[in-house]
Amino acid sequence: MSTINVISTSKCFGGDQLVISHDSTSLGCKMKFSIFLPPKSKDGKCPVLYFLSGLTCDEQVFINKGGAQKAAATYGIIIVGPDTSPRGCNIEGETDDWDFGVGAGFYLDATQEKWKKNYNMHTYVTQELPCFVNANFPAIPDRVAISGYSMGGHGALMLALRNPGMYRSVSAFAPICNPMNCPWGKKAFSGYLGPDIETWKEWDATELVAKYKGPPLMFLIDQGKEDQYYKEKQLLPENLTNACLANKFQCITRYQEGYDHSFYFVKTFIEEHIKHHSEILNS
Ligand SMILES: N[C@@H](CCC(=O)N[C@@H](CSC=O)C(=O)NCC(=O)O)C(=O)O
């Protein structure tokens, strides 16, 4: 287990907003993550919500723009916000594009030679980070939820489908729903996974719904109707809805009038998502 380094700690709604760094073995670099500790965690262990951010984000964006701390304090939920990719690995071209490489890890484990040593965000978020959080913070290891936004929304759905039983509750804001059929996803999957489209299906939530064999699970998804990336067909929520209908997988997708693809949209509905997770995590 790597050493914990507390970068910052700030009192917030009676709890504490921390930023932590540690050496990651699965990613082969130093990683930062945010963790909000609600006031209730001073008296005992609390459930945990992992929140995965989108393209171009680091561990700072959600804690500064997401507006989640008040609800997390109210409902007694710890929120962990990992970074979106490894950083500083000196891979040629990793900072050339905003939608691939640094800031765009897509929460998968890369198989291509150039990326596979470092771009293992699936292993990091599902294994290494929870071990580290559970060892260092008052988290209840088997009361865990996951949510995310855009690329991170897909990460939340896909991680829950690939890891049955790991997450009791799942939600997403404007998720990329079917990456192998949208420009962002095609670029990322061909870069990290190579040209064989069959291997892409293992990392695509819309494909994985049909294979899910775990305990009953439901998705809560909010999608803005004025979202520019929705209109450009980067998100494809209808493809996920159709897959869920075909496979009797419960998915509530709420199309929200007037909202675009921004953190103004996320912060509008974050309290409802945290309340939703709290009800399931505490049941
Ligand atoms: N190229 C732009 C836009 C990138 C962008 O919109 N990123 C979103 C997530 S999109 C899907 O994953 C985001 O979270 N941006 C951070 C923010 O502060 O809004 C750019 O470089 O900003």
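This structure is a prediction, so every number in the text was calculated from the model and none was measured. (Residues numbered from 1 in each chain as written. Predicted model: local features only at pLDDT ≥ 70, side-chain atom pairs only at ≥ 80, totals over all residues. Heavy atoms only, no water.)

A. Molecular detail of the confidence of the model for the protein. On average, residues of the protein carry a pLDDT of 98, and 100% of them reach 70 or more. Both confidence scores are given for the complex: pTM 0.98, ipTM 0.94. (pLDDT = per-residue confidence, 0-100.)

B. Quick look at the site of the ligand. The ligand sits among 14 residues. The nearest are Leu55, Lys65, Tyr149, Ser150 and Met151. Note that an oxygen atom of the ligand is positioned 2.5 Å from one of the side-chain N or O atoms of Lys65. Protein burial of the ligand: of its 540 Å² of free accessible surface, 72% is covered by the chains. Within the shell around the ligand, the residues separate by chemical class into nine nonpolar, four polar and one charged. (Near = heavy atom within 4 Å. Polar contact = N/O pair within 3.5 Å; in protein donor to acceptor, adjacent residues only side chain to side chain. Areas by Shrake-Rupley, 256 points an atom, 1.4 Å probe, with all protein chains shown as cover. Nonpolar A, V, L, I, M, F, W, Y, C, P; charged D, E, K, R; others polar.)

C. Region of interest: the pairing of strand S8 (residues 218-224). By the criterion of burial, S8 is predominantly enclosed, with seven of the seven residues buried. Of the two faces of S8, both are covered, the one formed by Met218, Leu220, Asp222 and Gly224 as well as the one formed by Phe219, Ile221 and Gln223. Across four bridges, strand S7 (residues 169-173) lies against S8 in parallel orientation. Its bridge partner being in S8, Phe173 is matched across the sheet by Asp222. Of the pairings in the sheet, the one linking S8 to strand S9 (residues 250-256) comprises seven bridges and is parallel in character. Looking at the pairing, Leu220 lines up with Ile252 of S9. (Buried < 20%, exposed > 50% of the residue type's maximum accessible area, 1.4 Å probe, protein only. Helix = DSSP H or I, 4+ residues; strand = E, 2+ residues; numbered from the N terminus. Pairing = 2+ DSSP bridges.)

D. Region of the structure containing the sheet that holds strand S5 (residues 78-82). Judged by pairing direction, the sheet is mixed, and its nine strands sit side by side in the order S1-S2-S3-S5-S4-S6-S7-S8-S9 without closing on themselves. Edge positions in the sheet fall to strand S1 (5-12) and S9, since each has one partner strand and no second. Strand-to-strand, the axes of this sheet are offset by a mean angle of 20 degrees, without reference to chain direction. Docked against the sheet, helix H3 (residues 121-136) engages strand S2 (15-24), strand S3 (29-37), strand S4 (46-52), S5 and strand S6 (139-148), running at close to 120 degrees with respect to S2. Sitting on the sheet, helix H9 (residues 237-246) is in contact with S8 and S9, with an inclination near 150 degrees to S9. (Axes fitted to C-alpha atoms, helices over the stretch in contact; angles between N-to-C directions. Contact = heavy atoms within 4.5 Å.)

E. Structural view of unusual backbone geometry. Look at Phe13: it is not a glycine, yet its phi comes out positive at around 50 degrees. By secondary structure assignment, the location of Phe13 is in the loop between S1 and S2. Positioned with a positive phi, Tyr107 is a non-glycine residue whose angle comes to about 55 degrees. Among the secondary structure elements, Tyr107 is positioned in the loop between S5 and H3. Relative accessible area serves as the criterion here: at 0%, Tyr107 is assigned to the buried category.

F. A look at H3. At Leu129, H3 shows its largest kink, close to 35 degrees, and the proline Pro130 lies no more than four residues downstream. Among all positions of H3, only Met121, His122, Tyr124, Val125, Thr126, Glu128, Leu129, Pro130, Phe132 and Val133 are buried. In this structure, the buried residues of H3 make contact with S2, S3, S4, S5, S6 and helix H4 (151-162). (Bend = angle between axes of the 7 residues up to and from the residue.)

G. Fine view of the pairing of S7. Extensive coverage of S7 is indicated by the burial of five of its five residues. Covered by surrounding structure in S7 are Ser169, Ser171 and Phe173 together with Val170 and Ala172, the residues of both alternating faces. Summarising the sheet, S6 and S7 pair through two bridges and their orientation is parallel. Along S7, the bridge assignment pairs Ile146 with Val170. Handedness of the crossover joining S6 and S7 through H4 is recorded here as right-handed. (Right-handed = clockwise from strand over helix to strand, strands pointing away.)

H. View of the pattern of salt bridges. Scanning all chains against the criterion turns up 14 salt bridges. Residues Asp97 and Lys187 are paired through a salt bridge, measuring 3.0 Å at the closest nitrogen-oxygen approach. You can see Asp97 sitting in the loop between S5 and H3 and its partner Lys187 sitting in helix H5 (residues 183-193), a full 90 residues away along the chain. With a shortest N-O distance of 3.0 Å, Lys275 and Glu279 are connected by a salt bridge. Separated by four residues within a single helix, Lys275 and Glu279 lie in helix H10 (residues 263-281), roughly one turn from each other. With relative accessibility at 49%, the residue Glu279 sits in the partly exposed group. When salt bridges with common partners are traced through the structure, they connect Asp97, Asp99 and Lys187 into a single cluster. (Salt bridge = Lys/Arg side-chain N within 4 Å of Asp/Glu carboxyl O.)

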